[in-house]
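Chain by chain, the residues:
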Amino acid sequence: MNSSIENIEINYNGKSVKGKKLTIYSELNIDINTAWSEVQKSSLLKFVCKGKVIFKPVDSEFPEYWIKNMTIKTKMLIYGLIPFGGIHLLKFMNIDHQEFSILTHEQNSFVKIWNHKIRLKQIDNNKIKYKDEIELYAGILTNFVTKWAESFYIHRQKRWKIITDEIKTKAQHSV
């Protein structure tokens, strides 16, 4: 697993602000079509976040699969206990089935910009590169939020490995 943080300029309310770009990627032993099917499910979000964050939908339950242009209002509980940022808005800007990517624009009262792009890239028949790219801006909290987000996305990718092991085990037992 690899991660990097770089300084970037982000447009926020018509002005340029100093934000961060966080990139985390790893290789997963799973075929790209299975991974793509999983990454579009809200159940996967719940699973990979477990232990770090719980997202509680405000108006309705999460859909089984994410939908382009859908906006979901949630409460974000750090470690399942600590409310963070009031209402967290999660908008699915793009779900690209050809490029195997999902783009969300997220925000809450602390984090003004949390643009998250998930990318899957096939390495071979049973291996992919899984990448999270996050652009963040949280005013004076930007550095703190970025470091926490780095630990969060490393956690998520470790939880992804549990999913790939379970899928591999199921495939071996069905043969």
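See above for the structure.
Residues numbered from 1 in each chain as written. Predicted model: local features only at pLDDT ≥ 70, side-chain atom pairs only at ≥ 80, totals over all residues. Heavy atoms only, no water.

Counting 42 residues, the largest nonpolar core has V39, W114, L120 and W160 as the members making the most contacts within it. If one sorts the elements of this core by residue count, helix α3 (residues 142-173) sits on top with seven residues. Contacts of W160, omitting those with residues within four sequence positions, involve L28, I30, A35, E38, V39, L44, V48 and Y130. (Core = buried A, V, L, I, M, F, W, Y, C linked by side-chain atoms within 4.5 Å. Buried < 20%, exposed > 50% of the residue type's maximum accessible area, 1.4 Å probe, protein only. Helix = DSSP H or I, 4+ residues; strand = E, 2+ residues; numbered from the N terminus. Contact = heavy atoms within 4.5 Å.)

Below, the discussion takes up the packing of aromatic side chains. Centre-to-centre distance and the angle between the planes together describe a pair of aromatic rings. Taken as a whole and judged by the stated rule, the model has nine aromatic pairs. For the ring pair Y12 and Y137, a centre distance of 5.4 Å and an interplane angle of 45° mean the geometry is tilted. Of this pair, Y12 sits in strand β1 (residues 2-12) while Y137 is found in strand β8 (residues 127-137), placing the two residues 125 residues apart along the sequence. Classification of Y137 by relative accessible area gives buried; the value is 16%. (Phe/Tyr/Trp six-rings, centres within 6.5 Å; stacked < 30°, edge-to-face > 60°.)

Summed over all chains, the structure comprises seven salt bridges. For K18, the salt bridge identified is with E9, shortest N-O distance 3.8 Å. Across the pair E27 and K127 runs a salt bridge whose closest N-O atoms are separated by 3.7 Å. Of this pair, E27 sits in strand β2 (residues 15-28) while K127 is found in strand β8, placing the two residues 100 residues apart along the sequence. For K127, a relative accessible area of 25% gives the class partly exposed. (Salt bridge = Lys/Arg side-chain N within 4 Å of Asp/Glu carboxyl O.)

All right, on to the pairing of strand β6 (residues 101-107) then. Pairing analysis gives seven bridges linking strand β5 (residues 82-96) to β6, with the strands arranged antiparallel. Note that in β6 the partner of D96 across the bridge is S101. By the bridge criterion, six bridges tie β6 to strand β7 (residues 113-124) in an arrangement that is antiparallel. Bridge pairing links H105 to N115 in β7. (Pairing = 2+ DSSP bridges.)

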